[in-house]
Amino acid sequence: MQLTDAYDQQNIFAKILRDEMPSIRVFEDETTVAFMDIMPQAPGHVLVIPRVAATNVLTLSADDARAVMTTTHLLAPAVQKAMEAPGLMLAQLNGSAAGQTVPHFHMHIIPRHKGLEMLGHGTEMADIDELAKIATRIRDAI
Ligand code: 5GP
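Residues numbered from 1 in each chain as written. Predicted model: local features only at pLDDT ≥ 70, side-chain atom pairs only at ≥ 80, totals over all residues. Heavy atoms only, no water.

Novice: Teacher, can you tell me more about the pattern of salt bridges here?
Specialist: Any two side chains of opposite charge can pair, given that their charged atoms come close. In this structure the tally under the stated criterion is five salt bridges. With a shortest N-O distance of 2.7 Å, R18 and E20 are connected by a salt bridge. With a relative accessible area of 48%, E20 lands in the partly exposed category. Residue D63 pairs with R66 through a salt bridge whose shortest N-O separation is 2.7 Å. Of this pair, D63 and R66 both sit in helix α2 (residues 62-83), three residues apart, roughly one helical turn. Owing to a relative accessible area of 53%, D63 belongs among the exposed residues under this scheme. (Salt bridge = Lys/Arg side-chain N within 4 Å of Asp/Glu carboxyl O. Buried < 20%, exposed > 50% of the residue type's maximum accessible area, 1.4 Å probe, protein only. Helix = DSSP H or I, 4+ residues; strand = E, 2+ residues; numbered from the N terminus.)

Novice: For this particular structure, what's the right way to read the site of the ligand?
Specialist: The environment of the ligand is made up of 17 residues, and the closest members are D37, T101, H106, H108 and H121. Between the ligand and T101, the relevant distance is 2.6 Å, taken from an oxygen atom to a side-chain nitrogen or oxygen of the residue. A distance of 2.9 Å separates an oxygen atom of the ligand from a polar atom in the side chain of H108. In the complex, the protein chains occlude 91% of the 520 Å² of accessible area that the ligand would expose alone. If you list the elements that add at least two residues to the shell around the ligand, you get α1 (12-17) and β2 (32-36). When its residues are assigned to classes, the shell around the ligand shows 10 nonpolar, six polar and one charged. (Near = heavy atom within 4 Å. Polar contact = N/O pair within 3.5 Å; in protein donor to acceptor, adjacent residues only side chain to side chain. Areas by Shrake-Rupley, 256 points an atom, 1.4 Å probe, with all protein chains shown as cover. Nonpolar A, V, L, I, M, F, W, Y, C, P; charged D, E, K, R; others polar.)

Shown next, in the form of structure tokens:
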């Protein structure tokens, strides 16, 4: 995936936005959607995406960048509270050279606990019932 690639309408997050693929959503508004990462690097791993078709930061408008950060800023304390996390990592990858695997712009919110190593990127599928329970805790903490 090159930074200059055209937007792929069939990428998994585009399908989630069109409700062609399921997701466990924790928040949505006019411009953004946030849902549980299916292969969390730590319990409580949330993704925030813009509704617009943007592959990476180079093709995201400033307004949509602000919208994603506003939602991230709203959700960060909710994730922190729900997971009782002493640390939080925000991450955002652009292009496969940077490790991006899904070509729709997204922000990762990953709770961090000292001594609990993060899993590798996209390594292990989460238990869906467990993800749903965590999502309820996050929603309740917003
Ligand atoms: P990237 O590698 O592009 O920064 O992150 C993509 C993220 O999307 C990974 O953390 C991966 O676990 C997650 N992911 C991949 N496919 C799906 C999916 O079908 N549903 C959800 N909820 N997350 C996904």
